Amino acid sequence: MSLDDRVARFVRELAAAAEAVGREDIVSAGVGVEAPDAVPELAELADAFNQMLTRIRETRKELEDRDAAFRSALNRLGDALTVTHDRAGIIAAVLETSALSVGAGCGVFYAVAPGGNLRAMSCYSCDAKDNQLRAGEGLAGATVARDEVMHFPDGVDLAEGEPAADTAVAVPLRRGNHAIGVLALYGRGPDEVFSEDDVHLLQSLVHQAETAIENTFLYEEATRLSITDGLTGLWNRRLFDLRINEELQRAIRFQEPFGLLLVDLDHFKSVNDRFGHQAGDAVLVELARRLTDATREVDVVTRFGGEEFALILPKTPVQGTLRLAEKVREVMANEPFAVGNASILVTVSVGAAGYPDHGLSGSELLAAADAALYRAKDNGRNRVEEAEPGGRPAPRSAEASH
């Protein structure tokens, strides 16, 4: 084959490869590097062309991988935004999606603590979790202090606790009128900065997160209200039913005892009649406070209904239950309740029962404690009565019902 023919074939191969690239068919595109010895420039051209194709293939693979990761992150974000109580999941999903959407090297979500200090709550592609920043420190701290989007380098230095990077951007996450967190992204490749379009995209993602996080707070508040008593702030009967079943299952599994107290105010109707219902409410609130102070952190103190309270005492045998019952009686009777200008002497009657001594189910224990409570009422009030083994409900006399 003549030199002209070899050069012509090379040019045709190069043209075909260029057309393949134009059709985005870069998998099979390429030219041979065996160019005529008399024209070494063609060999260099072939080699340069093939190197360009290699870089294009690598870039395309990176973009495909990044696109797949971004789509996966978007799916996770969509799933997270539909779960009304998983605040940490929402934050992690938004952080990952934000980093992938703008090609950031890594990302950190900082939660704002009381006083303005920050703690790294969630991280993407870096190891900064639980790192802490002082109020106003670094890019993230400045973002909270100024409550606006901040860039580095742009008059703000990164703190020692932030990931090292040549460029960074931070967006505040707000609840109401104040920042509760900062989404910060660090690093983006050589000579690249986060553009205005990047910031708009990040703000859109953060706004979605703000809405979803607000829903988690609303969900938690609704849940709290459904299991707490509005007057005293104690757990209510619904929570009591849940917890006594949980405690019963735990006691059965580990063969451990637990106690149950029913506490009822003596002559509460006369308090309302003499001092008014507002004073009666104040007495209930103070009684709730004294019950909480008299018990351990693990004990469950609930307003059972009206002027009756129920206490669940985990890992407490009968004798320990009776000791606490007597303590409860004493802290009520030994100090009058101050309500406005009035000093009201309040006493309680207490029925005490324990698993497994007085019952093997929640209903049996409750019946045993209830029967003991009304024996305490019938026997003069301001006293503690222990349930009888296998206790059953006792008839409530008209006198004992007040």
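Residues numbered from 1 in each chain as written. Predicted model: local features only at pLDDT ≥ 70, side-chain atom pairs only at ≥ 80, totals over all residues. Heavy atoms only, no water.

A.B. asks: Is there a simple way to explain the packing of helix α7 (residues 268-275) against helix α8 (residues 277-294) in this structure?
C.D. replies: For any two helices packed against each other, the geometry comes down to the angle between their axes and how far apart the axes lie. Relative orientation of the contacting elements α7 and α8 amounts to 135°, with a least axis distance of 6 Å. Of the possible angle classes, the one that applies to α7 and α8 is oblique. Residues Phe-268, Val-271, Asn-272 and Phe-275 of α7 pack against His-277, Ala-279, Gly-280, Val-283 and Leu-284 of α8. Residue composition of the contact of α7 with α8, by class: 6 nonpolar, 3 polar and no charged. (Axes fitted to C-alpha atoms, helices over the stretch in contact; angles between N-to-C directions. Helix = DSSP H or I, 4+ residues; strand = E, 2+ residues; numbered from the N terminus. Parallel < 35°, antiparallel > 145°, perpendicular 65-115°, else oblique. Contact = heavy atoms within 4.5 Å. Nonpolar A, V, L, I, M, F, W, Y, C, P; charged D, E, K, R; others polar.)

A.B. asks: Teacher, can you tell me more about the nonpolar core here?
C.D. replies: A general tendency of soluble globular proteins is for nonpolar side chains to be buried together. Counting 30 residues, the largest nonpolar core has Leu-261, Val-263, Leu-265, Val-283, Leu-287, Leu-291 and Phe-309 as the members making the most contacts within it. With residues up to four places along the chain from it excluded, the contact list for Val-263 reads Glu-307, Glu-308, Phe-309, Leu-311, Val-328, Val-348, Ser-349 and Val-350. Judged by nonpolar contacts, the second largest core, of 23 residues, contains Ala-310, Ala-353, Ala-372 and Leu-373. (Core = buried A, V, L, I, M, F, W, Y, C linked by side-chain atoms within 4.5 Å. Buried < 20%, exposed > 50% of the residue type's maximum accessible area, 1.4 Å probe, protein only.)

A.B. asks: Would you explain the sheet that holds strand β7 (residues 258-265) in this entry?
C.D. replies: To summarise the sheet geometry, strands pair through backbone hydrogen bonds and adopt either a parallel or an antiparallel arrangement. Read across the open sheet, the 5 strands follow the order β8-β9-β7-β12-β13; overall the sheet is mixed. The sheet terminates laterally at β8 (300-305) and β13 (384-386), the two strands that pair on one side only. Taking the axes of each pair of neighbouring strands and ignoring which way they run, one obtains an average angle of 20° across the sheet. Strand direction decides the pairing type here: β7 and strand β12 (residues 348-355), joined by 8 bridges, are antiparallel. Each bridged residue has a counterpart across the sheet, and for Leu-260 the counterpart in β12 is Ala-353. (Pairing = 2+ DSSP bridges.)

A.B. asks: Sorry, what's going on with the environment of Met-332 here?
C.D. replies: Topologically, Met-332 is positioned in helix α9 (residues 318-333). Considering only alpha carbons, one finds Met-332 and Leu-265, 67 residues apart in sequence, at a separation of 9.5 Å. When sequence neighbours within four positions are dropped, the list of residues in contact with Met-332 reads Leu-287, Arg-290, Leu-291, Phe-337, Val-346 and Val-348.

A.B. asks: What's the story with the packing of α8 against α9 in this structure? I'm lost.
C.D. replies: As a packed pair, α8 and α9 sit with axes 10 Å apart at the nearest point and diverge in direction by 140°. Between α8 and α9, the angle is such that the two are oblique. Considering only the axes of α8 and α9, their crossing is right-handed. Of the residues in α9, those in contact with Leu-287, Arg-290, Leu-291 and Ala-294 of α8 are Leu-324, Lys-327, Val-328, Val-331 and Met-332. In the contact of α8 with α9, the residues fall into 7 nonpolar, no polar and 2 charged. (Left-handed = near helix turned anticlockwise from the far one by under 90°.)

A.B. asks: Before we go on, may I ask you to explain unusual backbone geometry in this structure?
C.D. replies: Phi is mostly negative for residues that are not glycine, and the peptide bonds are mostly trans. In this structure, the amide linkage connecting Phe-152 to the following residue, Pro-153, adopts the cis form with an omega of 0°. Its identity as a non-glycine residue notwithstanding, Asp-130 has a phi of 75°, on the positive side. Take Asp-130: it is sitting in the loop between β2 (118-124) and β3 (132-133). Taking the relative accessible area as the measure of exposure, Asp-130 reaches 44% and is therefore partly exposed. You will see that Asp-147, though not glycine, has its phi angle at about 55°, which is positive. Position of Asp-147 among the secondary structure elements: in the loop between α4 (138-146) and β4 (150-152). Given the relative accessible area of 27%, Asp-147 is considered partly exposed.

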